[in-house]
Amino acid sequence: MINLIVLKFSPIGLLDLLARRVTLAVSTIPDFTDWLVAAMLALVYTAIALPVGFGSGFLKVDVQTSSPTITGVLIGCLLTPGLSEEVFFRVLMLPHPGENASGLMLWFWGWVSLVLFVVYHPLNALTFYPIGRSTFMNPVFLLLAAILGVACSIAYLQSGSIWPAVAVHWLAVTAWLLLLGGYRRLYG
């Protein structure tokens, strides 16, 4: 029994588990219900984020009209934060629905993933992205990031696919950057 436990938690076993999670998450094709849930999550997020953001002054209507900026944001946000953050904070950290994890394990890893997702932003601003320091340390930004993290986790756990979570994340970030003052906050 001890040998099985050691093998199960060996570095090779962990790498195998993580590779399996990525493969399943990328190859699982969302069905209509998965996309419907993602759309509902995006609407709920919007219904929370807009009043909080505008009420606090964090959000303001500021539409970007430059074609290179729009194209760069649409493509860039798909890769990061969309794909990169969803792979790390959802796919690698959360048990895939096919693993049949207990509710306790889902809650535990859900909280760990969410805390790391929120903490990652100020740490990123302090290390690799200092231009985002005032934004990524703003309590309203961190609250909205936490709510977005919950929405993306639900989208991933409900579907078993990375794609609905990426879509929700991408939509929220691109709308913020292109329509709601995020681009000017980050790049002046």
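Because the structure is predicted, anything quoted here is derived from the model rather than measured. (Residues numbered from 1 in each chain as written. Predicted model: local features only at pLDDT ≥ 70, side-chain atom pairs only at ≥ 80, totals over all residues. Heavy atoms only, no water.)

**Q** Just checking my understanding: could you explain a nonpolar patch on the surface for this structure?
**A** Residues Trp 107, Trp 111, Val 115, Val 119, Leu 123, Leu 126 and Met 137 make up a contiguous nonpolar surface patch of about 720 Å² in total accessible area. On the basis of relative accessibility, which here comes to 47%, the residue Leu 126 falls in the partly exposed class. (Patch = residues over 30% accessible without salt bridge, like charges linked within 9 Å, V, L, I, M, F, W, Y side chains within 5 Å. Areas by Shrake-Rupley, 256 points an atom, 1.4 Å probe, with all protein chains shown as cover. Salt bridge = Lys/Arg side-chain N within 4 Å of Asp/Glu carboxyl O. Buried < 20%, exposed > 50% of the residue type's maximum accessible area, 1.4 Å probe, protein only.)

**Q** Help me out: how do you make sense of the side chain of Glu 85 in this one?
**A** When you line up the elements, Glu 85 lands in helix α4 (residues 67-92). The side chain of Glu 85 is buried and forms no salt bridge, while Arg 90, the nearest opposite charge, is found at 5.6 Å. Only 3.4 Å separates the side chain of Glu 85 from the side chain of His 169, close enough to count as a polar contact. With near-sequence residues (within four places) excluded, Glu 85 lies in contact with Arg 90, Phe 117, Tyr 120, His 121 and His 169. (Helix = DSSP H or I, 4+ residues; strand = E, 2+ residues; numbered from the N terminus. Lys, Arg positive; Asp, Glu negative; His and termini not counted. Polar contact = N/O pair within 3.5 Å; in protein donor to acceptor, adjacent residues only side chain to side chain. Contact = heavy atoms within 4.5 Å.)

**Q** How should the packing of aromatic side chains be read in this particular structure?
**A** Geometrically, a pair of aromatic rings is defined through the distance of the ring centres and the angle of the planes. Applying the stated criterion across every chain, the model contains 10 aromatic pairs. Between the aromatic rings of Tyr 183 and Tyr 187, the centroid separation amounts to 4.7 Å while the plane-to-plane angle is 50°, which identifies the pairing as tilted. One end of the pair is Tyr 183 and the other is Tyr 187, both in helix α9 (residues 182-187) and four residues apart, which spans about a single turn. With a relative accessible area of 22%, Tyr 183 lands in the partly exposed category. Within the aromatic cluster, the residues linked to one another by ring pairs are Phe 58, Tyr 129, Phe 136, Phe 141 and Trp 176. (Phe/Tyr/Trp six-rings, centres within 6.5 Å; stacked < 30°, edge-to-face > 60°.)

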